[in-house]
Amino acid sequence: MAGLRALAEGLRWRRPGTRPLATDSLRVRQQFEPPPPEALQWFPGHMRDGWHQMEAKLRAVDAVIEVHDARVPLSGRNARIAQALAARPRLLVLNKADLISAEARRLVRRRLERDSPCPVLFTCCRDQADAGLRGVARALAALIAGQERAARADAREFNCMVVGVPNVGKSSLINALRSVHLRRAAATPVGARAGVTRSVLTRIKVSARPLIYVRDTPGVLEPRLEGAEAGLRLALCAAMQDHLVGPRLLADYLLYWMNRRANHAYVPYMAVTGPTDDVDRLLASSAAARGRYVRVRDVAAGGVRQRPDVREAALHMVRGFRSGAFGQLLLDDDVLEERAPPPAG
């Protein structure tokens, strides 16, 4: 628990040069009112097709690289993927690790290594000098050594599959590995929104020594997510397309999450005068303070008037989280210390 207390202290971040905010009178919600279940379901046809393609290709791979967003290391785990891929050695890669603190990484590693025997690496694909990124090929070679290999003509090569939920950086990882080990350009498309990769791609060479080929795969969510908060955390990390959930809902959950941890870094970023737990007030004040307005027709009075662009403000807040403007936030901090399930039997 000492580690979690230190992590909580780290969340009380404010921009250097700003005065401490008077927050004693702030009333914070003790619970978030969940959205309707259908708001957090996204399992389009390409996910279903991609899932069947992954299962068909699994027989030809030596190991699986399971990629997750480091900010949601538990909410992002797809139980269906884990169960289906249990027959192959797995390397668990937590990408975007620069967006969580070193203490958070320590706690996450301890929890994941307790729950699963597979090795864990933290990576930042934007930094080609990143130790975790440079250690992926070595970790794969060690993982596969001594394992029963998939039959192929050349036993010297390693074939791997990269899997995970949407938009965790699977394609970015492949491209970064090619750049680090082969000095070659990107081989698979990437994008800031979920659903860019829509089928299992052909083999892509990412390393010569050891000789490693990988297959990129479409991100796959559970057909039905368990728990509204897990779904909202995944949506904040762009595992779903924003228009499916709605920017106001994402901003409201982020506001709730930050206020519960006494993190008011959104105040200077949103250009408002102080913390609030009212998302509509926050968004309207932020849009007005930053000069973001939309023109709307006034039917009663006639003519056109301006009003604060609250949608733009909500998107601005969500972008702030995704870019790290609010500090290093581990969304799954509250579930790290849950007890492990008792052993079977």
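In the block above lies the structure referred to throughout.
In what follows, the accompanying structure is described.

The rules behind the values
- Residues numbered from 1 in each chain as written.
- Predicted model: local features only at pLDDT ≥ 70, side-chain atom pairs only at ≥ 80, totals over all residues.
- Heavy atoms only, no water.
- Axes fitted to C-alpha atoms, helices over the stretch in contact; angles between N-to-C directions.
- Helix = DSSP H or I, 4+ residues; strand = E, 2+ residues; numbered from the N terminus.
- Parallel < 35°, antiparallel > 145°, perpendicular 65-115°, else oblique.
- Contact = heavy atoms within 4.5 Å.
- Nonpolar A, V, L, I, M, F, W, Y, C, P; charged D, E, K, R; others polar.
- Salt bridge = Lys/Arg side-chain N within 4 Å of Asp/Glu carboxyl O.
- Buried < 20%, exposed > 50% of the residue type's maximum accessible area, 1.4 Å probe, protein only.
- Pairing = 2+ DSSP bridges.
- Polar contact = N/O pair within 3.5 Å; in protein donor to acceptor, adjacent residues only side chain to side chain.

Interhelical geometry of helix α10 (residues 247-260) versus helix α12 (residues 279-289) gives an angle of 110 degrees and a closest axis separation of 10 Å. In terms of their interaxial angle, α10 and α12 are classed as roughly perpendicular. For the pair α10 and α12, contact is made by Arg248, Ala251, Asp252 and Leu255 and by Val279, Asp280, Leu282 and Leu283, respectively. Residue composition of the contact of α10 with α12, by class: 5 nonpolar, no polar and 3 charged.

As enumerated under the stated definition, the model contains 21 salt bridges in all. With a closest N to O distance of 2.7 Å, Arg203 and Glu157 form a salt bridge. Remark: Glu157 occurs in the loop between α6 (136-144) and β4 (158-163) and Arg203 occurs in the loop between α7 (170-182) and β5 (204-207); sequence separation between them is 46 residues. Overall, Glu157 belongs to the buried group, its relative accessible area being 10%. Among the ionic pairs, Arg292 bridges to Glu312, the shortest N-O distance being 3.8 Å. Of this pair, Arg292 sits in the loop between α12 and β7 (293-297) while Glu312 sits in helix α13 (residues 310-323), placing them 20 residues apart in sequence. Note on Glu312: relative accessible area 17%, which makes it buried. Among the ionic contacts, a cluster of salt bridges with common partners joins Glu229, Arg233, Asp332 and Asp334.

Along the chain, Arg209 connects to Pro210 via a cis peptide bond; the corresponding omega equals 0 degrees. Tracing the backbone through its elements, the reader meets Pro210 in the loop between β5 and β6 (212-215). The residue Ala238 is not glycine, and still its phi comes out positive at about 70 degrees. Mapped onto the fold, Ala238 is located in the loop between α8 (228-236) and α9 (242-245). By relative accessible area, Ala238 is classed as buried at 6%. Its identity is not glycine, yet Ala271 carries a phi of approximately 60 degrees, on the positive side. With respect to the helices and strands, the residue Ala271 is situated in the loop between α11 (266-270) and α12.

Now for the pairing of β7. In terms of strand pairing, β7 meets strand β8 (residues 304-308) through 5 bridges, oriented antiparallel. Looking at β8, one finds that Val294 is bridged to Arg307. Between the end of β7 and the start of β8, which pair antiparallel, lie 6 residues, with Gly302 showing a positive phi angle near 80 degrees.

Attention now moves to the side chain of Thr276. Take Thr276: it is sitting in the loop between α11 and α12. A polar contact is formed between the side chain of Thr276 and the backbone nitrogen of Asp278, at a distance of 3.1 Å. In this structure Thr276 touches Leu26, Leu255, Asn259, Tyr266, Arg281 and Leu282, once residues within four positions along its chain are discounted.

Two quantities define a packed helix pair, namely the angle between the helix axes and the distance between the axes. At their nearest, the axes of α8 and α10 sit 10 Å apart, and the two run at 110 degrees to each other. In this view, α8 runs roughly perpendicular relative to α10, as classed from their interaxial angle. The segment α8 lies against α10, with Glu229, Leu232, Arg233, Ala235 and Leu236 engaging Leu249, Leu250, Tyr253, Leu254, Tyr256 and Trp257. Per-class residue counts for the contact of α8 with α10 are 9 nonpolar, no polar and 2 charged.

Every buried residue of α8 is accounted for by Gly231, Leu232, Arg233, Leu234, Ala235 and Leu236. Where α8 terminates, the next one or two residues include Ala238, which has phi positive at roughly 70 degrees.

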